[in-house]
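Residues per chain are reported as follows:
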Amino acid sequence: MTSNAFGLIYTGETNPLLRDLALTRSVAAVPFGGRYRCIDFVLSDLVNSGVTSVGLIAQKNYHSLMDHLGAGKEWDLHRKREGLFVLPPFMTKENTGLYRGSIDAIRSCLGYVRRNPEQYVILTGSHTIFNMTFDDMLSRHIQTRANITMLYNEAETTVSEEQNMDLRLILDGDGRVTEMELNPFTPRSTHRSCDVMILDKLLLEYLVEEAYSHGDYDLVRDILLKKSGTLKIMGYRYDGYVARLDSVNDFFRHNLALLQPEVRADLFNPKHPIYTKVKDEVSARYGENAKVKNAMLADGCTIEGTVENSILFRGVAVKKGAVVKNSILMQAVTIGENCQMDHVILDKGVTIRDNRTLTGYDGFPIILKKGTTI
């Protein structure tokens, strides 16, 4: 158990490639997998590793995220001591309340870092989804006497124009990071960072204060890339399934990948459960003529039509004669009678009236923002 470490999650990432999905919510609060949010996975990973103190750095559009997390009860982080600490931006003489980058954000929360009695920090982002515990990674960090240990997985050398942050690690034979590439046109390495690192909290304080004093504000560009040759940075390989929500296409592809048993078994490993906000709704209800094939349905759904190869979130209603294929329908979506939906992403509260047809295709699903009515 990583009892000598605390978690620090940076949720200030912005990604215009997610379009309407992140228009009114932070990337950390983007829904995933029927009843979860992105933040659920990294938060559950920390809790399953025995971490009892987690700081969550918020930046903007975090109201949806705060509503989802509450006091951290579902993650057993509602404690008198330690627990979940939400660290929103605030104004001081030095801080305008608007972070210029991840270094600026972490510096504004150094008070939380210094108060923690634990020696090590597990520093993560919130848009990368995987299921693991950090016990072995921390042990390896201590054993190798590394300054920083970074989590990575194997990725393709070909890159997409829609990737938001592609950090590649070049390792030597001992697993030490000798060089890094950020958003390379032709990557020289298949080792792609999973946006997780472990380091001593005193080192984090020093690196952040040093970078800030030189007018640097981005952790990756201004610390990791510049100091990969001077700091002892080790890589730790993760071989499980990794979903990076870099774009709408990635969101669509990784959600539908959950229909594959092996992916679902990896991300929702019962040995490391993924926790989320509980709403205690009724079970899904199927009408007399309902047809459901290869789909995931959350609680509260009412199905009277046909659903195939799709993910339905809580409270979705599919009326008589409607056909939904290869689609993602978020919470409280209503599909009217005799509608045809194929390759669509409908955000929370979307209403499709009777006899409507929406058809996208692989690589370009149709997306409708929250509350839209057609």
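Above this text is the structure in question.
Cut-offs applied
- Residues numbered from 1 in each chain as written.
- Predicted model: local features only at pLDDT ≥ 70, side-chain atom pairs only at ≥ 80, totals over all residues.
- Heavy atoms only, no water.
- 1 Å grid on protein atoms, 1.4 Å probe; cavity = no way out; pocket = protein on both sides within 12 Å on 5 of 7 lines; lining within 4 Å.
- Points joined across faces, edges and corners; volume = space filled by probe spheres on them.
- Helix = DSSP H or I, 4+ residues; strand = E, 2+ residues; numbered from the N terminus.
- Nonpolar A, V, L, I, M, F, W, Y, C, P; charged D, E, K, R; others polar.
- Salt bridge = Lys/Arg side-chain N within 4 Å of Asp/Glu carboxyl O.
- Buried < 20%, exposed > 50% of the residue type's maximum accessible area, 1.4 Å probe, protein only.
- Polar contact = N/O pair within 3.5 Å; in protein donor to acceptor, adjacent residues only side chain to side chain.

1. With respect to the layout of surface pockets
Gaps left between atoms are located by rolling a probe of water-molecule size over the structure's atoms.
Piece 1. Taken as a whole, the largest pocket holds about 670 Å³ of empty space.
Piece 2. Residue lining of the largest pocket: 34 residues in total, with Tyr10, Glu13, Met165, Asp195 and Val220 positioned closest to the centre.
Piece 3. Mapped by element, the contributors of at least two residues to the lining of the largest pocket are α3 (102–108), β6 (120–124), β11 (191–200) and α7 (219–227).
Piece 4. Top element by residues in the lining of the largest pocket is β11. It accounts for five residues.
Piece 5. Within the lining of the largest pocket, the residues separate by chemical class into 15 nonpolar, 12 polar and seven charged.

2. Some details on the pattern of salt bridges
Note that side chains of opposite charge can pair when their charged atoms are close.
Piece 1. Tallying each qualifying case throughout the model produces 21 salt bridges.
Piece 2. In this structure, arginine 237 engages glutamate 154 in a salt bridge whose closest nitrogen and oxygen atoms are separated by 3.9 Å. Of this pair, arginine 237 sits in strand β12 (residues 233–237) while glutamate 154 sits in strand β8 (residues 148–154), and the two are 83 residues apart along the sequence.
Piece 3. Classification of glutamate 154 as partly exposed rests on a relative accessible area of 31%.

3. A few points about the side chain of arginine 168
Piece 1. Here arginine 168 shows up in strand β9 (residues 167–171).
Piece 2. Residue class for arginine 168 comes out buried when judged on its relative accessible area of 1%.
Piece 3. Reaching out from arginine 168, the side chain makes a polar contact with the backbone oxygen of serine 189 at a distance of 2.8 Å.

4. Considering empty space enclosed by the protein
Piece 1. Following the criterion strictly, the structure yields one cavity of 30 Å³ or more and no others.
Piece 2. Approximately 30 Å³ is the volume attributed to the largest cavity.
Piece 3. Every residue lining the largest cavity is listed: Ile148, Met197, Leu199, Leu204, Leu207, Val208, Leu219, Ile223 and Leu224.
Piece 4. Elements with a contribution of two residues or more to the lining of the largest cavity: β11, α6 (201–213) and α7.
Piece 5. Considered class by class, the residues forming the lining of the largest cavity number nine nonpolar, no polar and no charged.

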